[in-house]
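# Overview (structure and organization)
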Amino acid sequence: MSAETIASGHAETARFDAHGIEPIPEHGRDSTPLEQFWIWAGANIAPINWVLGALGVTLGLTVVETLVVVAVGNLVGCAAFGLFNLMGQRTGVNQMLLGRATFGRHGAAVPGLIQGLLAMGWVGVNTWVVLDLVLGILARLGVHGGSGTKYLIGGLIMAAQLGLALLGFYAIRTFEKYTVPLTVVVMAVMTVLAVARAHPHWSTPVHPLGDGGKATAVTQLLTAIGVGWGISWLPYSGDYSRFVRRDAGERATVLATAAGVYLPSVWLAALGAVLAGSGGGGDPADLVARTFGVMAVPVLLLIMHGPIATNILNLYSCSLAALTVGVRAARWKVTLFAGVIASAVLVVFIRSDSFAGAFDNWMSSILVWISPWAAVVVVDFFVRHRGRPDVAALYHGDPGEPAFNRPALVSLALGIVAAWSWQYGLVPVMRGPLARLLAHTDFSWLAGIVVAGGLYYALGRRDLAPRPAR
């Protein structure tokens, strides 16, 4: 198959992706901003966002307050996500490997290891949501399965998403491109049915406010599904935008990727808030079954698309993170291993008593490291390297560069401490001293960004003098 054929887009779009963490060659970079939109839209059209929207009502906010927080907060988080996608498009390099320019060739293993482990964990979270939906609706129909049924369904779902992830980017792109539009149509019909049947209390809280009152609830929601949702995708961005054609407009890439996360996230979170505002709980299976009844059965087949579309990204990015850390194996082999570990994580979530509580803790935890990491990466990429790092040096090293960039690593560590100090999770260990002092608010993401980004600029002031790319 010639390079010209591949670049023209007439080749098999679901061909096997043999790329690892080396820069994507020109003939392999045939993705468009629109295709990137479908990838990220598919990953976010998932029932898990219903839970997040319902979380605002569960915390004691009204439906209207929840909608405002979700809509405004995501503008910030998704704008940051769009900006991060420029890194992959400009360099052709996956996101964690780009960290070598920031943290040093060996120092980049620290965030790479964290990202790999968390990506495997996300596979368990998202698959659990699908299981809950399937079993909940079957129970409504009088079909009650035991633990065997639960694990059987979980295994089938895991096998499907692992198969796509093993094939790699081109299969992921094809899957999203041809399934997301149909899913959007079905979700639109579901939304109309839900709004018609639901009778939410728009301006009256359904649940009492917890400790700290409204400020606590608003900031917790901002962390979970507002600003925090877009930020949580930052470590994945370059893994997929590295396939975007160089001649594709950067502005188009930023807008397409940002919109791909923003539109479905806000849409489904709003739907979850409306359903929860009708007096029901935040459990995803109950939200679907109670609202749609028997009609949820055919819709369920397409609902399952969302978590699978999300998990193929998690499994693919997990393998790239592992390769960045130093694992020496073919990407598909690492992906297979990640799928096995993710299956074990799924078992843990199946046994969880409270999904809403577990997810809130999970989301708060990952933002504690992602927000300071993102701040350091932005300062390094756009200030130190003027947005054009030396790609060759990422692989072969630079005699003038240390293996560990101490200013970056110190800034990351102190940024994590700062983020933890201003988070207010559902368990005591995740309630930092600053959060307790300031009315139980949770601005962990903001504290991490300001402290880590500011420190890196200050500590590395001499090294941050702009450098031309080679």
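A few points on the structure. (Residues numbered from 1 in each chain as written. Predicted model: local features only at pLDDT ≥ 70, side-chain atom pairs only at ≥ 80, totals over all residues. Heavy atoms only, no water.)

Looking only at helices and strands, the protein chain has 21 helices and zero strands in total. Classification of the 470 residues of the protein chain by burial places 57% in the buried group. Accessible surface, the protein chain: about 17,800 Å² in total, of which carbon and sulfur atoms supply 69%. (Helix = DSSP H or I, 4+ residues; strand = E, 2+ residues; numbered from the N terminus. Buried < 20%, exposed > 50% of the residue type's maximum accessible area, 1.4 Å probe, protein only. Areas by Shrake-Rupley, 256 points an atom, 1.4 Å probe, with all protein chains shown as cover.)

With that settled, the discussion passes to the pattern of salt bridges. Here the structure, examined in full by the defined rule, presents ten salt bridges. In this structure, Arg173 engages Glu35 in a salt bridge whose closest nitrogen and oxygen atoms are separated by 3.4 Å. Of the two residues, Arg173 is situated in helix H8 (residues 169–197) and Glu35 in helix H2 (residues 33–44); the sequence distance between them amounts to 138 residues. For the pair Arg173 and Glu35, one class covers both residues: buried. The partner of Arg388 in a salt bridge is Glu250, and the shortest N-O contact between them spans 3.8 Å. (Salt bridge = Lys/Arg side-chain N within 4 Å of Asp/Glu carboxyl O.)

Bringing the layout of surface pockets into the picture now. Its volume calculated, the second largest pocket comes out at about 300 Å³. What lines the second largest pocket is a set of 14 residues, and nearest its centre among them are Arg100, Leu323, Thr324, Gly326 and Arg328. With three residues, the single largest contributor to the lining of the second largest pocket is helix H15 (residues 305–325). A class-by-class count of the residues in the lining of the second largest pocket yields six nonpolar, four polar and four charged. (1 Å grid on protein atoms, 1.4 Å probe; cavity = no way out; pocket = protein on both sides within 12 Å on 5 of 7 lines; lining within 4 Å. Points joined across faces, edges and corners; volume = space filled by probe spheres on them. Nonpolar A, V, L, I, M, F, W, Y, C, P; charged D, E, K, R; others polar.)

Below, the discussion takes up empty space enclosed by the protein. Evaluated as defined, the whole model comprises four cavities of 30 Å³ or more. In this structure, the largest cavity spans a volume of roughly 100 Å³. Taken together, Ala43, Ala46, Ile48, Trp122, Asn126, Trp229, Ser232, Trp233, Tyr236, Thr310 and Asn314 make up the lining of the largest cavity. If you list the elements that add at least two residues to the lining of the largest cavity, you get helix H6 (109–140), helix H10 (227–232) and H15.

Turning to the packing of aromatic side chains, a few remarks are in order. Applying the stated criterion across every chain, the model contains 16 aromatic pairs. Centroid distance Trp122 to Trp229: 6.5 Å. Interplanar angle 90°. Geometry classified as edge-to-face. Taken together, the positions of Trp122 in helix H6 and Trp229 in helix H10 put the pair 107 residues apart, joining distant regions of the chain. A relative accessible area of 8% places Trp122 in the buried class. Centre to centre, the rings of Phe381 and Phe382 are 4.9 Å apart; their planes meet at 75°, and the pair counts as edge-to-face. Residue Phe381 is classed as buried on the basis of its relative accessible area, which comes to 4%. Each residue in the set Trp40, Phe81, Phe169, Tyr170, Trp233, Tyr236, Tyr240, Phe243 and Tyr316 is aromatic and connected to the rest through ring pairs, giving one cluster. When the ring centre of Tyr170 is taken as origin, the NZ or CZ atom of Arg15, which lies over that ring, is 3.8 Å away. (Phe/Tyr/Trp six-rings, centres within 6.5 Å; stacked < 30°, edge-to-face > 60°. Lys NZ or Arg CZ within 6 Å of the ring centre and 35° of its normal.)

Quick look at helix H3 (residues 48–58) now. Where burial is concerned, most of H3 is hidden: ten out of the eleven residues are buried. Within H3, the full set of buried residues consists of Ile48, Asn49, Trp50, Val51, Leu52, Gly53, Ala54, Leu55, Gly56 and Val57. Gly60 occupies a position one or two residues after H3 and carries a positive phi of about 115°.

A separate point is the environment of Ala159. One can find Ala159 in helix H7 (residues 147–167). Take Ala159: its relative accessible area is 48%, and that puts it in the partly exposed class. For the pair Ala159 and Ser343, spaced 184 residues apart in the sequence, the C-alpha separation amounts to 9.9 Å.

Our focus in this paragraph is unusual backbone geometry. At Ala439, a position not held by glycine, the phi torsion is positive, near 55°. Within the element layout of this structure, Ala439 appears in the loop between helix H20 (433–437) and helix H21 (444–459). The partly exposed category is assigned to Ala439, whose relative accessible area is 45%. Positive phi outside glycine occurs at His440, with the angle close to 60°. In this fold, His440 is placed in the loop between H20 and H21.

Moving on to H21. Three- or four-residue spacings in an α-helix give side chains the same orientation, since the helix completes a turn every 3.6 residues. With 16 residues, H21 ought to run about 22 Å at 1.5 Å a step, and its terminal C-alpha atoms sit 22 Å apart, in line with that. Within the sequence span of H21, burial applies to Ser444, Trp445, Ala447, Gly448, Ala452, Gly453 and Tyr456. (Expected span 1.5 Å × (residues − 1).)

Right, let's get into the environment of Thr66. Looking at the secondary structure, you find Thr66 in helix H4 (residues 63–91). Counting along the chain gives 204 residues from Thr66 to Ala270, while the straight-line C-alpha distance between them is 7.8 Å. Setting aside its immediate chain neighbours within four residues, Thr66 contacts Gly53, Gly56, Val57, Leu61, Leu221 and Ala273. (Contact = heavy atoms within 4.5 Å.)

The biggest cluster of nonpolar side chains holds 101 residues, and the ones touching the most others in it are Trp40, Trp233, Tyr240, Leu313 and Trp373. Among the elements that line this core, the one with the most residues is H6, at 13 residues. Residues within four places of Tyr240 in sequence aside, it is in contact with Gln36, Trp40, Phe169, Ile172, Ile312, Leu313, Tyr316 and Ser317. Counting 21 residues, the second largest nonpolar core, distinct from the first, contains Ala41, Trp50, Ala273 and Leu275. (Core = buried A, V, L, I, M, F, W, Y, C linked by side-chain atoms within 4.5 Å.)

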